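Architecture at a glance
One letter stands for each residue in the lines below.
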Amino acid sequence: MQVRDVMTPNVISIAEDDTIVKAARIMLQNRISGLPVVDAAGKLVGVVTEGDFLRRGEIGTQRRRPKWLEFLVGPGRLAEEYVRASSRKVSDVMTADPHTVSEDDSLESVVALMERRRIKRVPVVRDGRMVGIVSRANLLHALASLAHDTPAPAGGDTAIRDQILATLANQPWAPRVNVIVKDGVAEIWGVISDDREREAIVVAAENTGGVKKVHDHLVWVEPMSGMAIPSDEDEAREQARSGQSTAPH
């Protein structure tokens, strides 16, 4: 999918010479946590978010440091922080030259950018002008809209088994396992060297179309001790059997 498929168009923006009070009111009224900032020509010049309003003199949260640390920080940094905590103009508190994406960029590249820069939203630009914004919420909306049950493959249980095995064969972490499918119920057998592989194998089976239930029979062989540890499901079944066999008649 591309950015154009999930982005929010016609985004509310604010001018760089507007006040932070106006920006805060717009955010509250529209229940949003950030605003793109544009210049007089409509060109994107920055982004202002709720995080930019945390350190403010009006509410007594401006940054304070011991005198010795102020000396180390230097007057330039202190002056910059004073402006951000005291200025009433959006242009003085916003993040200038924000990272942007285009409508044709992939969602994978957007997620990578969000993770790398630790940001929640990215403006979408075309020829320097903003045409939309893509946020984490947009990605959640796409997931909720597109996620659906995968249809069962033609061919019944045999085709389901082949699909599970093919999926696992394409994963570099997956060990060789055996899969038995009957009436849509998948039984997974095999040996794993890392217990985290168990959950991943079960997820791969559950995501296969036509699978109604998955039974985990995987045995984890702990590499240091060589101890074989059965699945919780098999261990519970064995305990139930042992209880029945020792119960008085």
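Residues numbered from 1 in each chain as written. Predicted model: local features only at pLDDT ≥ 70, side-chain atom pairs only at ≥ 80, totals over all residues. Heavy atoms only, no water.

1. Focus on the overall build of the chain
- Across its full length, the chain carries nine helices and eleven strands.
- On the principal axes, the C-alpha backbone points of the chain span a range of 80 × 50 × 35 Å.
- A buried classification covers 32% of the 249 residues belonging to the chain.
- Nonlocal contacts in the chain, meaning residues at least 24 apart in sequence, comprise 54% of its contacts between residues at least 6 apart.
- For the chain, the computed accessible surface area is about 16,200 Å², with 53% contributed by carbon and sulfur atoms. (Helix = DSSP H or I, 4+ residues; strand = E, 2+ residues; numbered from the N terminus. Buried < 20%, exposed > 50% of the residue type's maximum accessible area, 1.4 Å probe, protein only. Contact = heavy atoms within 4.5 Å. Areas by Shrake-Rupley, 256 points an atom, 1.4 Å probe, with all protein chains shown as cover.)

2. Let's talk about the sheet that holds strand β7 (residues 129–135)
- Judged by pairing direction, the sheet is antiparallel, and its three strands sit side by side in the order β1-β7-β6 without closing on themselves. Every interior strand has two partners, whereas the edge strands, β1 (8–9) and β6 (121–126), have only one.
- Where β6 and β7 come together, six bridges link them in antiparallel fashion. Bridging from a neighbouring strand, V125 pairs with M130 of β7. (Pairing = 2+ DSSP bridges.)

3. Considerations on the nonpolar core
- In terms of nonpolar packing, the biggest core is built from 17 residues, with I164, L168, V177, I188, I201 and V214 touching the most fellow members.
- Counting residues per element, the ones that place at least two in this core are α7 (156–169), β8 (177–182), β9 (185–192), α8 (196–206) and β10 (213–221).
- Here this core takes four residues from α8, the largest share from any one element.
- Not counting the four nearest positions on each side in its chain, L168 is found in contact with W173, A174, V177, I201 and A204.
- Within the second largest apolar cluster, 13 residues are counted, among which are V45, F53, V90 and V93. (Core = buried A, V, L, I, M, F, W, Y, C linked by side-chain atoms within 4.5 Å.)

4. Quick look at the pattern of salt bridges
- Scanning all chains against the criterion turns up ten salt bridges.
- Two residues, R196 and D194, come together in a salt bridge whose shortest N-O distance is 2.8 Å.
- What emerges from the salt-bridge pattern is a single network uniting R4, E103, D104 and R126. (Salt bridge = Lys/Arg side-chain N within 4 Å of Asp/Glu carboxyl O.)

5. Some remarks on the sheet that holds strand β2 (residues 14–15)
- If you walk across this open sheet you meet the four strands as β2-β3-β4-β5, and the pairing is mixed. Each edge of the sheet is formed by a strand with only one pairing partner; in this case those strands are β2 and β5 (95–96).
- Against the sheet, helix α1 (residues 20–30) touches β2, β3 (34–38) and β4 (44–49), its axis set at about 135° to β3. (Axes fitted to C-alpha atoms, helices over the stretch in contact; angles between N-to-C directions.)

6. Section: the pairing of β10
- Judged from the eight bridges that link them, β9 and β10 form a sheet pairing that is parallel. Along β10, the bridge assignment pairs V185 with K213.
- In this structure, β10 lies alongside strand β11 (residues 228–229), joined through two bridges in antiparallel fashion. Bridge pairing links V221 to A228 in β11.
- Hairpin connection of β10 to β11: six residues between the antiparallel strands, including G226 at a positive phi of 80°.

7. Section: the environment of L113
- Secondary-structure assignment places L113 in helix α5 (residues 107–117).
- Distance in space between the C-alpha atoms of L113 and V101 is 9.3 Å, their sequence separation being twelve residues.

8. Some points on the pairing of β9
- The pairing of β8 with β9 spans six bridges and is antiparallel. Paired with I180 across the bridge in β9 is E187.
- Taking the residues between adjacent antiparallel strands as the criterion, β8 and β9 are bridged by two residues, where D183 takes a positive phi near 55°.

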